[in-house]
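Per-entry structural report
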Amino acid sequence: MSMGFNTIAGAISQAITEEMRRDANVVLIGEDVTTGIFGVTAGLVDEFGTDRFCDTPISENAIIGCAVGAAMTGMRPIAEIMFQDFLTCCMDPIVNQAAKMSYMSGGTFSVPMVVRSPGGAGLGAGPQHSQSLASWFMGVPGLKVVSPSSPIDAKGLLKSAIRDNNPVIFLENKLLYFESGEVPDDIDFTIPLGQASVLREGDDVTIVAVSGMVPRALRVADELGAEGVSVEIVDPRTLYPLDTETILQSVKKTGRLVTAEEGVMTCGVGAELAALIAEKAYDCLDGPIVRVGTPHVNYAYNQEMEWATIPDEQDLVRAVKKAIGQE
Amino acid sequence: MSMGFNTIAGAISQAITEEMRRDANVVLIGEDVTTGIFGVTAGLVDEFGTDRFCDTPISENAIIGCAVGAAMTGMRPIAEIMFQDFLTCCMDPIVNQAAKMSYMSGGTFSVPMVVRSPGGAGLGAGPQHSQSLASWFMGVPGLKVVSPSSPIDAKGLLKSAIRDNNPVIFLENKLLYFESGEVPDDIDFTIPLGQASVLREGDDVTIVAVSGMVPRALRVADELGAEGVSVEIVDPRTLYPLDTETILQSVKKTGRLVTAEEGVMTCGVGAELAALIAEKAYDCLDGPIVRVGTPHVNYAYNQEMEWATIPDEQDLVRAVKKAIGQE
Amino acid sequence: MGTKFKLKQKKQVGKDAALALLKRMLLIRRFEETLARLFADSEVKGFVHLSIGQEACPTGVCAHLTNDDYITSTHRGHGHLIGKGGDIKLAMAELFGKTEGYCKGRGGSMHVAAFDLGILGANGIVGAGLVLATGSGFSAKYQNNDRVTACFFGDGASNQGTFHEAANLASVWKLPILFVCENNGWAEFSPQSSHQKIEKVSTRAVGYGMPGVTVDGDDIEAVYSATADAVAWIRKGNGPILLECLTHRWEGHYAGDPQPYRDQDELQAITQHCPIERFKKQLIERKTITAAEFEALSVEVESEIGEAVEFGRQGTDPNPQDFMSYIYAD
Amino acid sequence: MGTKFKLKQKKQVGKDAALALLKRMLLIRRFEETLARLFADSEVKGFVHLSIGQEACPTGVCAHLTNDDYITSTHRGHGHLIGKGGDIKLAMAELFGKTEGYCKGRGGSMHVAAFDLGILGANGIVGAGLVLATGSGFSAKYQNNDRVTACFFGDGASNQGTFHEAANLASVWKLPILFVCENNGWAEFSPQSSHQKIEKVSTRAVGYGMPGVTVDGDDIEAVYSATADAVAWIRKGNGPILLECLTHRWEGHYAGDPQPYRDQDELQAITQHCPIERFKKQLIERKTITAAEFEALSVEVESEIGEAVEFGRQGTDPNPQDFMSYIYAD
Ligand SMILES: Cc1ncc(C[n+]2csc(CCOP(=O)(O)OP(=O)(O)O)c2C)c(N)n1
Ligand SMILES: Cc1ncc(C[n+]2csc(CCOP(=O)(O)OP(=O)(O)O)c2C)c(N)n1
Ligand SMILES: [Mg+2]
Ligand SMILES: [Mg+2]
């Protein structure tokens, strides 16, 4: 497989370009997508034109509603919501329309669409521009939820999401946009939804890390490895459907679980993972399941306070020590 | 304490009446609240007039936004959203405004308001009129979340919610509205937010049951008691802040946990409870934590199919047996 | 800014068209009356919203649509479904919650949808159909076919933010959408005067730079004629139009609603607006049809309804354990 | 339907008022210019949206409000805060993320709020302030005081569903709200023509049975005069008004935005609209003030800004571990 080198932002742009070339029914709509606040899709309009690459008014409800209606009538729209926080402005078309349409119509309609939206704190953008809301969507039957942490995953998963016949919530991370790595050039390269990836093998403890927490977990694994603690890192990549097999296998092997997400922990991704293990692998557990994530608070504008809130390497180390009984 | 007998609907109406008499800043706004689809607040307008008891246009966003703005300027509004499914139409004012206002303003503003909204399936109302969405709100810092299962709790908790200086999401259950029980007449009677109630003591297994699942759990406890399985039932009543003390104590005693909620389980209330125990009482567990709730599906219009989806006594019995290793 | 849209003089329809319109209206009327009984008898469950008295609007509008055109509908969706050519057997089966139903019993009254007929579904969320319509409008425009989307919504729905966002987007993008406001003067238990300070919803069109017109929605020829003009204009690529049809809701908001909030005298007199009686009378006066022809039509409809009820009643119950199906598409 | 609202002839202001307005505009201008530098130097972080060029609107509107009146604001909120009498020291401290700031460093640029001044907060969610305004309007009406809420929003925000819901609710309930659309012709990188098919946002008022007027928003006397009329009308209990102020955004959407999407000639010429220069010139021509008086004012403002920056810079950093505070009120 021929490889290039790209950022996550670049990989997303590549995935969109390739899929738009491949299938004329793929279109992209959203606020200022031709330019892009983060520049992810900047310039693509030059190739695809304003019929397929559409800046919309500030109307999140109509953006998603339009995508749903278009998907029901033969298109494969990608809708962009500029910040995950703004998903609050279009929950109805996502939750009650896109997610339930196939079911409500007894399978006669399907809604092949993708909602792309960046989340995550760390930019001093304050409480309304920093949230990570993955868990809401995980709990909505009918949606798939994807959350990549590397350029190759971003590209492969986005291509699969676009080709999927269901509404897929594709959650990006602002701080990760400019992380770079190898990305296959092959236009047929995809990564199936629903497959976790074991990023690092280890024996003592499993960290299931999501999105922005993945690079942090990898750094911690190095650090702890030096201390003789062998950490296995699993990135679910797709949050729904979750690859429970891979996760169970890992925890059965290590006997210890730390979950790591950037969003608020209450009813979050980590809660779901903990519940999964507490039910299905309870007898393999050798220690408490420890969650790492944002405590039950908002992100401050003040950047030091913001960073004190965002879960980081220190939090991960503390959690691992607790999980392995080295508190 | 002098006691009357009332339904949950009646207890809610009483709580509103008493608090509106007590404090002129309490007002109620919502769609057709003077009549009420479920009749909960029917007739109250006669006492309080249309200045305080306000039917609104169909504009969920404005209803909640209005309540937030009113709460910021000295009122204590109660906003009604007719079905929990319609909360999708006003997530921004709940999540980004009401919940974050105190924090964003460094504590200079507070938002003392209540959002009342009924959830739950079982009326053949189809996928868009049957959801229970508690867990979304549990995960939003700044909100309190209440979910009563009896008339006395409904009254006592709603009164506390109205007097609370924070936005409280008060989740009712359609099928429970006409369950009846004793209700104190004393206008000073309240139940503090954040206190669970142990509805039945037992030694073998704890069921933490929420809202519509409480009566079902109580029936199952009777049934299993006859078989010699001693079930403890805890109703958290307030879902945020959660009374983790009471729940931990119970599970430490019984060593087994079954969670019971009506909503979809993925990232749900049960997930949070399981994570809590798997972290804090891991070493007291004698069996797997088993979740009961709606699987990852929608509620069908067809009522038999709908009831096959809604978690019931059978599901609870199965879960308890699994938790105590009697599968 | 392209051609200006002007409503032409109302035209009288010929015999064939008249009979087709009458039949469609009668089908809706009898379907709903039958449903009211089935609901009262607990044969049909859930929340059921009837279109009795409002038959002219879906009938007159959909008469100008082909199977390739789209509609989006509301909680009060049976009239739209039947107007657009929906099979009343499959509709009835859906209301009985059967596998043969349009949605295999999953959707029921508030969600009936028909892919082949471009019916994007009734909708339990007031105002949701408005934004979905921008999507089918987008598809049609992008694919450069001449399909039109008729987007039905009520006076109450016109206060939802979705109305505003959809109307604005449609006008900016010149989408081929006919926004059809069925103004029956009520949103549940609230009269129009309590929920908006305008008399005509069509007034709002100006805020989107879109033509807006109001017609007597109980006059089938007025609706038919206005839609003919509007759809022709839209198919030419001129963008959306807002057509308001003033009509009357004879029954409660939902089947079983006793309507204590309504003026009883007004309710008594409401049948004077009957779009079917009015049209029938005119047609007979004009000698377009005879009373006997109308009778024959009634009998035909009656028997079709009877068959539909039997079809529905005899349908197959879905296996309750099959609730995982259709949550995800393959 | 009560009195009809009509805009009266624009009036010229006297010396004291003129100096007060000038000073307020200068404060906004220098505050923003200073901020742009502090941002470029990374002393101030986050997303910062500047009001340079748009000073007349918040100044002219808020001149008619007392501390008891309310305003709701937007992401571009510094002008509104200063217009309403906000303390630039506390504002600057907030932008430095300090404990002394209006929000103790938690809110920052997009969330500055001031309880005592009835400033219900800048808002990071476009359109959210519109629905919040109905709430302060409701309070005032219910409490039967004569407080008015000025609700600021942009041309872009006027496409949000919240605009529609708020305008409709306010008009149905006759709430004492002045909806102030600051139409600067841009929503981020999108020109108005691409996001709505109307030229004047005030056109939309008719859809709510509400008066709507448009003024030159870079002419402080026009804004001042129109607001005087509007606020008086609103205080009399006549309900809401939509006032549109046409203005110009000189800078990028946010501090640091290089604006490749904008016509460079237009940008070059944009200072001709300067509300401060225009007003100053007129005042001097009319001999209401002298050039020296203006200079003195500038110096005064310059020094206040300097003090504010020092105050902000020297403020106390909140303890990062104190992030649990203020999430819940007691
Ligand atoms: C988002 C949402 N809010 C409220 C409701 C409850 N509801 C159902 S129908 C209705 C009234 C609709 O009025 P209108 O749009 O005029 O339609 P009509 O019933 O008159 O046909 C309401 C409030 C709903 N289904 N969805
Ligand atoms: C709900 C929501 N959608 C999108 C954005 C991103 N955004 C911030 S400002 C802005 C443009 C606003 O335009 P306008 O209302 O005209 O105000 P202006 O910036 O011109 O002052 C956008 C799209 C947001 N903050 N909130
Ligand atoms: Mg109506
Ligand atoms: Mg603007």
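Every value quoted in this text rests on a predicted model; they were computed, and no experiment measured them.

Turning our eyes to something else, we now look at the overall build of chain C. Broken down by element type, chain C carries 11 helices and 7 strands. Projected onto the principal axes, the alpha-carbon positions of chain C cover approximately 55 × 55 × 40 Å. Residue pairs in contact within chain C that sit at least 24 positions apart in sequence constitute 75% of those at least 6 positions apart. Here chain C displays about 11500 Å² of accessible surface, and carbon together with sulfur accounts for 51% of that area. Taking the 34 positively charged and 41 negatively charged side chains of chain C as two groups, their mean positions are separated by 7 Å.

Attention now moves to helix α11 (residues 291-313) of chain D. Residues and elements named next belong to chain D. The end-to-end C-alpha distance of α11 is 33 Å, a good match for the 33 Å that 23 residues give at a rise of 1.5 Å each. Those residues of α11 not exposed but buried are Phe294, Leu297, Ser298, Val301, Ile305, Ala308, Val309 and Gly312. Buried-residue contacts for α11 involve α1 (15-40), α4 (88-95) and α10 (275-285).

Let us look at the site of ligand 1. What surrounds ligand 1 is a group of 22 residues, the closest being Glu60 of chain B together with His75, Arg76, Gly124 and Asp155 of chain C. Those chains with residues close to ligand 1 are chains B and C. A distance of 2.8 Å separates an oxygen atom of ligand 1 from a polar atom in the backbone of Gly156 of chain C. Classifying every residue of the shell around ligand 1 by side-chain character gives 9 nonpolar, 8 polar and 5 charged.

Right, let's talk about the relation of the copies chain A and chain B for a bit. For the pair of chain copies, the relating operation is a rotation around an axis with a shift along it. Least-squares fitting of chain A to chain B yields an RMSD of 0.0 Å, with the superposition described by an axial translation of 0.0 Å and a rotation of 180°. Here the symmetry operator amounts to a two-fold rotation axis. The share of interface residues of chain A whose copies in chain B are also at the interface is 100%, consistent with both copies meeting through the same surface.

For the rest of this paragraph, the subject is the site of ligand 2. Around ligand 2, a shell composed of 22 residues is seen, among which Glu60 of chain A together with His75, Arg76, Gly124 and Asp155 of chain D lie nearest. Residue Asp155 of chain D places a side-chain N or O atom 2.7 Å away from an oxygen atom belonging to ligand 2. At 2.9 Å, a backbone N or O of Ala157 of chain D approaches an oxygen atom of ligand 2. Relative to its unbound accessible area of 580 Å², ligand 2 is 97% covered by the protein chains. Of the residues belonging to the shell around ligand 2, the class tally is 9 nonpolar, 8 polar and 5 charged.

Turning our attention to the coordination of the magnesium ion (ligand 3). Residues and elements named next belong to chain C. For the magnesium ion (ligand 3), the full set of protein donor atoms is Asp155 (OD), Asn184 (OD1) and Trp186 (O), and the range of their distances to it is 2.0 to 2.1 Å. Along the chain, the residues donating to the magnesium ion (ligand 3) fall in the pattern D-x28-N-x1-W. Of this pair, Asp155 sits in the loop between β2 (149-154) and α6 (161-172) while Trp186 is found in strand β4 (residues 186-187), placing the two residues 31 residues apart along the sequence. Trp186 matches Asp155 in its accessibility class, with the two residues each being buried.

Attention shifts here to empty space enclosed by the protein. Counted by the stated rule, this structure contains 14 cavities of 30 Å³ or more. Its boundaries defined by the atoms lining it, the second largest cavity holds a volume of some 220 Å³. Lining the second largest cavity we find 22 residues, and of these Asn61 and Cys89 of chain A, Asn61 and Cys89 of chain B together with Glu165 of chain D sit closest to its centre. Residue assignment for the lining of the second largest cavity shows that the elements contributing at least two residues are α3 (60-72) of chain B, α6 of chain C together with α6 (161-172) of chain D. Classifying every residue of the lining of the second largest cavity by side-chain character gives 8 nonpolar, 9 polar and 5 charged.

Before going further, it helps to spend a moment on the pattern of salt bridges. Here the structure, examined in full by the defined rule, presents 74 salt bridges over all chains. One connected set of salt bridges, linked through shared partners, spans Glu18, Glu19, Arg22, Lys155, Lys159 and Arg163 of chain A.

On to the pairing of strand β5 (residues 114-119) of chain A, then. Residue and element names in this part refer to chain A. Here β5 lies mainly inside the structure; 6 of its 6 residues are buried. Taking every second residue as pointing to the same face, both faces of β5 are buried, with Val114, Arg116 and Pro118 on one and Val115, Ser117 and Gly119 on the other. Sheet analysis places strand β4 (residues 76-80) next to β5, joined by 3 bridges and oriented parallel. Within β5, the position partnered with Ala79 by the bridge is Val115. Pairing geometry for β5 and strand β7 (residues 168-173), over 6 bridges, is parallel. Note that in β7 the partner of Pro118 across the bridge is Glu172.

Let's shift gears to the UniProt feature "domain: Transketolase-like pyrimidine-binding" (unreviewed entry) in chain A. When the UniProt feature table is mapped to this numbering, "domain: Transketolase-like pyrimidine-binding" (unreviewed entry) covers residues 6-179 of chain A. Taken end to end, residues 6-179 of chain A comprises 37% helix and 17% strand; its first and last C-alpha atoms sit 8 Å apart.

Turning next to the interface of chain A and chain B. Bring the parts together and some accessible area is lost; that lost area is often taken as the interface size. Taken together, the contacts link 51 residues of chain A with 51 residues of chain B. Summed over both partners, the interface of chain A with chain B comes to about 4400 Å²; 59% of that surface belongs to carbon and sulfur atoms. Counting the contacts that link chain A with chain B gives 4 salt bridges. Here Arg291 of chain A makes a salt bridge to Glu272 of chain B, at a shortest N to O gap of 2.9 Å. Of all elements in the fold, only α4 (91-104), α5 (134-138), α9 (269-280) and β14 (290-294) of chain A reach the threshold of two or more residues within the side of chain A that touches chain B. No other element matches the 9 residues that α4 of chain A contributes to the side of chain A that touches chain B. For the side of chain A that touches chain B, the residue count by class is 30 nonpolar, 13 polar and 8 charged.

What follows concerns unusual backbone geometry. Here the amide bond leading from Tyr240 of chain A into Pro241 of chain A is cis, since omega sits at -5°, within 30 degrees of zero. With respect to the secondary-structure elements, Pro241 of chain A resides in the loop between β12 (238-240) and α8 (244-254). A positive phi angle, near 55°, is found at Gln259 of chain C, a position not held by glycine. Relative to the elements of secondary structure, Gln259 of chain C occurs in the loop between β7 (241-246) and α9 (264-268).

Our focus in this paragraph is the environment of Leu285 of chain B. Within the fold, Leu285 of chain B resides in the loop between α9 (269-280) and β14 (290-294). When neighbours within four sequence positions are excluded, Leu285 of chain B is seen to be in contact with Tyr282 of chain A together with Val251, Gly255 and Ile277 of chain B.

Let us look at the sheet that holds β7 of chain C. All names here are of chain C. Spatially, β1-β2-β3-β7-β6 is the arrangement adopted by the 5 strands of the open sheet, whose pairing is parallel. Edge positions in the sheet fall to β1 (70-72) and β6 (212-216), since each of these pairs with one other strand and no more. The mean angle between the axes of side-by-side strands here comes to 20°, regardless of whether they run parallel or antiparallel. Sheet topology note: the β2/strand β3 (residues 177-183) ladder contains 6 bridges and is parallel. Within the sheet, the bridge partner assigned to Cys151 lies in β3 and is Phe179. Sitting on the sheet, helix α5 (residues 128-143) touches β1, β2 and β3, and the angle it makes with β2 is about 175°.

According to the stated counting rule, one finds 33 aromatic pairs over all chains in the structure shown. Ring geometry for Tyr240 of chain B and Tyr328 of chain D: centres 6.0 Å apart, planes at 15°, overall stacked. With Tyr240 of chain B in strand β12 (residues 238-240) and Tyr328 of chain D in the segment after α11, this residue pair bridges two chains. Note on Tyr240 of chain B: relative accessible area 19%, which makes it buried. Joined through ring pairs, the aromatic side chains of Phe38, Phe83, Phe86, Tyr177 and Phe178 of chain A together with Phe47 of chain D make up one cluster. Positioned above the aromatic ring of Phe311 of chain D, the side-chain terminus of Lys89 of chain D is 6.0 Å from the ring centre.

On the chain C side, the residues contacting the 45 residues of chain A number 37 residues. Carbon and sulfur atoms supply 65% of the area that chain A and chain C bury against each other, a total of about 3200 Å² over both sides. Looking only at chain A, the three residues that lose the most surface to chain C are Thr73, Tyr103 and Met104 of chain A, adding up to 20% of its buried area. In this assembly, chain A and chain C are joined by 0 salt bridges. With 9 residues, helix α3 (residues 60-72) of chain A is the largest single contributor of residues to the side of chain A that touches chain C. The class makeup of the residues in the side of chain A that touches chain C is 20 nonpolar, 19 polar and 6 charged.

Each value, and the rule that gives it
Residues numbered from 1 in each chain as written. Chains lettered and ligands numbered in written order. Predicted model: local features only at pLDDT ≥ 70, side-chain atom pairs only at ≥ 80, totals over all residues. Heavy atoms only, no water. Helix = DSSP H or I, 4+ residues; strand = E, 2+ residues; numbered from the N terminus. Contact = heavy atoms within 4.5 Å. Areas by Shrake-Rupley, 256 points an atom, 1.4 Å probe, with all protein chains shown as cover. Lys, Arg positive; Asp, Glu negative; His and termini not counted. Charge placed at Lys NZ, Arg CZ, Asp CG, Glu CD. Expected span 1.5 Å × (residues − 1). Buried < 20%, exposed > 50% of the residue type's maximum accessible area, 1.4 Å probe, protein only. Near = heavy atom within 4 Å. Polar contact = N/O pair within 3.5 Å; in protein donor to acceptor, adjacent residues only side chain to side chain. Nonpolar A, V, L, I, M, F, W, Y, C, P; charged D, E, K, R; others polar. Least-squares fit on C-alpha atoms with pLDDT ≥ 70 in both. Donors = N, O, S within 2.8 Å, 3.2 Å for Na, K, Ca; no water. 1 Å grid on protein atoms, 1.4 Å probe; cavity = no way out; pocket = protein on both sides within 12 Å on 5 of 7 lines; lining within 4 Å. Points joined across faces, edges and corners; volume = space filled by probe spheres on them. Salt bridge = Lys/Arg side-chain N within 4 Å of Asp/Glu carboxyl O. Pairing = 2+ DSSP bridges. UniProt positions renumbered as here; feature names shortened; annotations may be inferred. Buried area = accessible area lost by both parts, 1.4 Å probe. Axes fitted to C-alpha atoms, helices over the stretch in contact; angles between N-to-C directions. Phe/Tyr/Trp six-rings, centres within 6.5 Å; stacked < 30°, edge-to-face > 60°. Lys NZ or Arg CZ within 6 Å of the ring centre and 35° of its normal.

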